[in-house]
Protein chains: 2
Amino acid sequence: MKFLHTADWHIGKKLHGFDLHDEQDDAYRQILDIALANKVDAVVIAGDLYDRSLPSEDSVKQLNHMLIDMNLTHHLPLLAISGNHDSATRLHVGSEWYAQTNYYLNTELANAFDPVEMGDTQFFLLPYFEPWQARNVFDDQTIKTVEQAMTLVVNRQQKAFKPSMKHVLVAHFFAAGSSQTDSETKVVVGGLNAVPLDLLAPFDYVALGHLHNHRALTDDKIKYSGSPVKFSLSEAEEQKGVWIVDTETVSTTYVPIKPLRDVINVTATFDELTDPAFYKKMDRDAYYGVTLTDKAIIPDVMNRLRQVYPHIVSLDRQNGRDELPTVQTVDPTLAPMTLFGRFFEHVNDDQMSEQQQKWAEQGLQKAERED
Amino acid sequence: MKFLHTADWHIGKKLHGFDLHDEQDDAYRQILDIALANKVDAVVIAGDLYDRSLPSEDSVKQLNHMLIDMNLTHHLPLLAISGNHDSATRLHVGSEWYAQTNYYLNTELANAFDPVEMGDTQFFLLPYFEPWQARNVFDDQTIKTVEQAMTLVVNRQQKAFKPSMKHVLVAHFFAAGSSQTDSETKVVVGGLNAVPLDLLAPFDYVALGHLHNHRALTDDKIKYSGSPVKFSLSEAEEQKGVWIVDTETVSTTYVPIKPLRDVINVTATFDELTDPAFYKKMDRDAYYGVTLTDKAIIPDVMNRLRQVYPHIVSLDRQNGRDELPTVQTVDPTLAPMTLFGRFFEHVNDDQMSEQQQKWAEQGLQKAERED
């Protein structure tokens, strides 16, 4: 059989305040198209369907629409688990009914041992869980780590293995040896709450969620799909997409998803960024993380940059910024408006606009009248 | 056919801070028993399944369990709508799948015109809605009231009427002429957001939710079921239960639900209430609204009453209370502990217990040390 492996949809996620609703809808439509074009027999979603345990009504509506569209409109079987961002209880609602149309959603560790059989494959749906849940399920108070728990989990799952079938684990955890990138730092995942890869050896394929980069782990049959959308500036360089897995040959193909609006980090001077010769070559509609190499004070810098790049999500200085005279050294006999102007510049790295000056003057006049 | 008519479950509701989880579970089991004993063909739930638009995880679990139990375990067809306490969006999730096992849940006005047919009956499921939603659905900006909207709603519903069948409306609104009781005041429902009964004449039966007293309206075929549990002291005298409706004869029978823990209002003196001869005849495990006829100050009154009646939800004085000297007239040279004791009495209508005095003394000593 053939299935599509995706994860970490994080419906409801915002990027520094920018709503990613349209990006998520667009990525969903690409996932559906890929599923249909590849004639897959099922779609696997390995956790973190929502971004928050208490999603907004809009997020509830959006995810619901996607699941209805795939499972009821396009008759795609679904295999899904809850991730650490989902509320298992809230996501669970309806799942007893979903199975009737081959939408298998598991949110409970206790149900991870009874596989869903589809074509030549047994799928074990293991939701995100914490050690205390494993202590309950196995009635074993010595379980302190995910690693300990996983030994017991895989052991019990193997008892249900049919030798004639392929065995796929769908799970949401840190696989030991994966790498996490946060901006420039690359951290290799390890420790007691990471799952050693050799524990996963009994499976023909492990469809993971949790890390947003599909290159976080390099293994032939244990894979993260990564998220379908770039969710932070640290994901700017990542290629997003999904895996198409053929269980007969146990071969995998990564199919990219094109961002509706890209996430780009740019480092340059203010003059370069605002030079038409420069920005005409840029995808100005993207979300930008801007790092200025200037040290000089640039009045109204954010507003001026946003006139060129409307979706700047962060603005930093690579080399620091020339110091303004500090407030402490300011002559206290200066006019209030002058003092306020200096304070504004100090705090905002920016001079007041004309309108802001007008407001400040009105405010100071009002304060004087009320004295 | 025969169906059971219930409404206003308000899962998650608290009575003055007391959790009604057990009462609601118990009432649910009685409803199930009544449905099975009467061999009904369906259960109608006319809105307000949850008490809040954002129910807690416990409430989600509790309601989910009830619906699974009725529909999947006992194979009872369900016909349900959202009420004003439910979030239509959140409650809606799963409903596209529910219909496969004859669980019809409608949360959208736009879907109120396409009846569910069961046996000899067409059920029109009309969720709670507000005039702006009717303006959208009918594309008519002149709709300002529920009454105006209902004229159009019933009109459109009638177009789907099959003359050979019975027609039942399931809805959640104020029916004009109903009475609402809030403590001793009885208010007759009217005005532009109440629905006149003659608008409902085309239906053979109207299964309503919204008012918690099944006697709120006296009409042969337009009925509130009332809530299955007493949710406030003003509901103390109400008989809770469900309707069993036979569509062939259009006859109705009210089947009572016995409270797990009753809600009782009692008016008496402190001495009467705490006299064994009195309280041995009382259902001491009930939730009590106590009105004292005493005027005298009674030290530690609430704690002493709760030793007899553990679930007192409110305590009032019928005749006011003897005045304590007001704080303003207290001699400011008094010892801090004396002053605090008087203040405590003034605020709590009660003297400090020994333990409370000890705590107050410790607190004052600590404050002095820190001065």
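Please read all numbers here as calculations on a predicted model, not as lab measurements. (Residues numbered from 1 in each chain as written. Chains lettered and ligands numbered in written order. Predicted model: local features only at pLDDT ≥ 70, side-chain atom pairs only at ≥ 80, totals over all residues.)

Enquirer: Would you mind going over the overall build of chain A with me for this structure?
Expert: Counting its secondary structure elements, chain A contains 11 helices and 20 strands. Taking the principal axes of the C-alpha coordinates as reference, chain A spans close to 85 × 50 × 35 Å. Relative to its 371 residues, chain A shows a buried fraction of 37%. In chain A, the share of contacts with a sequence separation of at least 24, taken over all contacts with a separation of at least 6, comes to 70%. (Helix = DSSP H or I, 4+ residues; strand = E, 2+ residues; numbered from the N terminus. Buried ≥ 20, exposed ≤ 12 C-beta atoms within 10 Å, placed from the backbone. Contact = placed C-beta atoms within 7 Å.)

Enquirer: What is the right way to look at the sheet that holds strand 7 (residues 116-118) of chain B in this model?
Expert: In a beta sheet, neighbouring strands are held together by backbone hydrogen bonds and run either parallel or antiparallel to one another. All names here are of chain B. Taken together, 5 strands build an open sheet; the order of strands is 7-8-9-14-15 and the sheet is mixed. Each of the sheet's edge strands pairs with one partner strand only, and the pair in question is strand 7 and strand 15 (222-224). Neighbouring strand axes in the sheet, compared pairwise and without regard to direction, differ in orientation by 20 degrees on average. Pairing of strand 7 with strand 8 (residues 121-125), which is carried by 3 bridges, proceeds in the antiparallel orientation. Its bridge partner being in strand 8, Met118 is matched across the sheet by Thr121. (Pairing = 2+ DSSP bridges. Axes fitted to C-alpha atoms, helices over the stretch in contact; angles between N-to-C directions.)

Enquirer: Sorry if this is basic, but what is going on with the relation of the copies chain B and chain A here?
Expert: Applying a rotation about an axis and a shift along it to one chain copy brings it onto the other copy. Superposing chain B onto chain A requires a rotation of 179 degrees together with a translation of 0.2 Å along the rotation axis, leaving an RMSD of 0.2 Å. The transformation relating the two chain copies, once decomposed into turn and shift, fits a two-fold axis. When C-alpha positions in chain B are compared against the rotation axis, the closest is assigned to B:Gly94, at 2.5 Å. When the interface residues of chain B are mapped onto chain A, 100% of them are again interface residues, pointing to one common binding face. (Least-squares fit on C-alpha atoms with pLDDT ≥ 70 in both.)

Enquirer: Looking at this structure, how should I read the sheet that holds strand 8 (residues 121-125) of chain A?
Expert: All names here are of chain A. Taken together, 5 strands build an open sheet; the order of strands is 7-8-9-14-15 and the sheet is mixed. With partners counted over all chains shown, the strands left at the sheet margins are strand 7 (116-118) and strand 15 (222-224), one partner each. With strand direction ignored, the average angle separating the axes of adjacent strands in the sheet is 20 degrees.

Enquirer: Whenever I open this one, the interface of chain B and chain A confuses me. Can you help?
Expert: Interfaces are frequently sized by the accessible area removed from exposure as the parts join. Tallying the contact residues gives 16 residues for chain B and 16 residues for chain A. Put simply, the parts of the chain that give the side of chain B that touches chain A at least two residues each are helix 2 (57-73), helix 3 (88-92) and helix 4 (95-98) of chain B. The dominant element in the side of chain B that touches chain A, judged by the number of residues it contributes, is helix 2 of chain B, at 6 residues. Partitioning the side of chain B that touches chain A into residue classes produces 6 nonpolar, 6 polar and 4 charged. (Nonpolar A, V, L, I, M, F, W, Y, C, P; charged D, E, K, R; others polar.)

Enquirer: Whenever I open this one, the confidence of the model for chain A confuses me. Can you help?
Expert: Averaged over chain A, the pLDDT score is 92; the fraction of residues at 70 or greater is 94%. Two numbers describe this predicted complex: its pTM, 0.84, and its ipTM, 0.81. (pLDDT = per-residue confidence, 0-100.)

Enquirer: Could you clarify how one ought to interpret helix 6 (residues 146-158) of chain A in this entry?
Expert: Every α-helical turn comprises 3.6 residues, leaving residues that sit three or four positions apart pointing alike. All names here are of chain A. For helix 6, with 13 residues, the first-to-last C-alpha span of 18 Å sits near the 18 Å given by 1.5 Å per residue. Residues of helix 6 that are buried: Val146, Ala149, Met150, Val153 and Gln157. Projected onto a plane normal to the axis of helix 6, the buried residues spread over an arc of 100 degrees and lie on a single side. Packing partners of the buried residues in helix 6 comprise strand 8, helix 5 (131-138) and strand 13 (194-195). (Expected span 1.5 Å × (residues − 1). Arc of directions from axis to C-beta.)

Enquirer: Quick question: what am I supposed to make of the domain arrangement of chain A here?
Expert: All names here are of chain A. Per the domain assignment, the segments making up chain A are domain 1 (2-256), domain 2 (261-322) and domain 3 (327-371). For domain 2 and domain 3, the distance between their C-alpha centroids amounts to 27 Å. Contacts between the two partners involve 6 residues from domain 2 and, on the opposite side, 4 residues from domain 3. A per-class count over the side of domain 2 that touches domain 3 returns 4 nonpolar, no polar and 2 charged. (Domains from an automatic or database assignment.)

Enquirer: How should I be thinking about the packing of helix 1 (residues 21-37) of chain B against helix 2 of chain B in this particular structure?
Expert: Axes are the key here: two packed helices are described by the angle between their axes and the distance separating the axes. Residue and element names in this part refer to chain B. Helix 2 packs onto helix 1 with a crossing angle of 10 degrees between their chain directions and a minimal axis gap of 11 Å. In this view, helix 1 runs roughly parallel relative to helix 2, as classed from their interaxial angle. In this structure, helix 1 uses His21, Gln24, Tyr28 and Leu32 to contact helix 2, whose residues at the interface are Gln62, Met66, Asp69 and Met70. (Parallel < 35°, antiparallel > 145°, perpendicular 65-115°, else oblique.)

Enquirer: When you look at unusual backbone geometry in this model, what are you seeing that I'm missing?
Expert: A negative phi holds for most residues other than glycine; trans holds for most peptide bonds. Residue and element names in this part refer to chain A. Unlike most non-glycine residues, Asp8 shows phi in positive territory, near 55 degrees. Relative to the helices and strands, Asp8 is located in the loop between strand 1 (2-6) and strand 2 (14-15). The class for Asp8 is buried, based on 27 C-beta atoms found within 10 Å. Its identity is not glycine, yet Asp300 carries a phi of approximately 55 degrees, on the positive side. Among the secondary structure elements, Asp300 is positioned in the loop between strand 19 (287-292) and helix 9 (301-308).

Enquirer: Is there a simple way to explain helix 1 (residues 21-37) of chain A in this structure?
Expert: All names here are of chain A. With 17 residues, helix 1 should cover 24 Å at 1.5 Å per step; its first-to-last C-alpha distance of 24 Å lies within 8% of that length. Every buried residue of helix 1 is listed here: Glu23, Gln24, Ala27, Tyr28, Gln30, Ile31 and Ala35. For helix 1, the angular spread of the buried residues around the axis is 165 degrees, confining them to a single face. Residues of helix 1 that are exposed and point more than 90 degrees away from the buried face comprise Asp22, Asp33 and Ala37. At the C-terminal side of helix 1, Lys39 shows a positive phi close to 45 degrees.

Enquirer: Just checking my understanding: could you explain the packing of helix 5 of chain A against helix 6 of chain A for this structure?
Expert: Residues and elements named next belong to chain A. Relative to each other, helix 5 and helix 6 sit at 35 degrees, their axes nearing to 9 Å. Seen from above, helix 5 lies across helix 6 with left-handed handedness. Taking contact as the criterion, the partners of Pro131, Ala134 and Phe138 in helix 5 are, on helix 6, Val146, Ala149 and Leu152. In the contact of helix 5 with helix 6, the residues fall into 6 nonpolar, no polar and no charged. (Left-handed = near helix turned anticlockwise from the far one by under 90°.)

Enquirer: Looking at this structure, I do not really get the pairing of strand 9 (residues 166-172) of chain B. What am I missing?
Expert: Regular strands show a simple pattern: their side chains alternate between the two faces of the sheet. Residues and elements named next belong to chain B. Within strand 9, 6 of the 7 residues are buried, leaving the element largely enclosed by the surrounding structure. Bridge count between strand 8 and strand 9: 5 bridges; the pairing is parallel. Within strand 9, the residue paired with Thr121 across the bridge is Lys166. With 5 bridges connecting them, strand 9 and strand 14 (residues 205-209) associate as parallel partners. Bridging across to strand 14, Leu169 finds its partner in Val206.

Enquirer: How should I be thinking about the environment of B:Ile297 in this particular structure?
Expert: Mapped onto the elements, B:Ile297 comes out in the loop between strand 19 (287-292) and helix 9 (301-308). Taking the C-alpha atoms as reference points, B:Ile297 and B:Arg321, separated by 24 residues in sequence, lie 6.8 Å from one another.

Enquirer: When you look at the environment of A:Asn106 in this model, what are you seeing that I'm missing?
Expert: Residue and element names in this part refer to chain A. By secondary structure assignment, the location of Asn106 is in strand 6 (residues 103-106). Given 25 C-beta atoms within 10 Å, Asn106 falls into the buried group. A sequence separation of 14 residues divides Asn106 from His92, and the C-alpha atoms of the two residues are 7.3 Å apart. The residues contacting Asn106, other than those within four sequence positions of it, are Ile81, Asn111, Ala112, Leu125 and Pro127.

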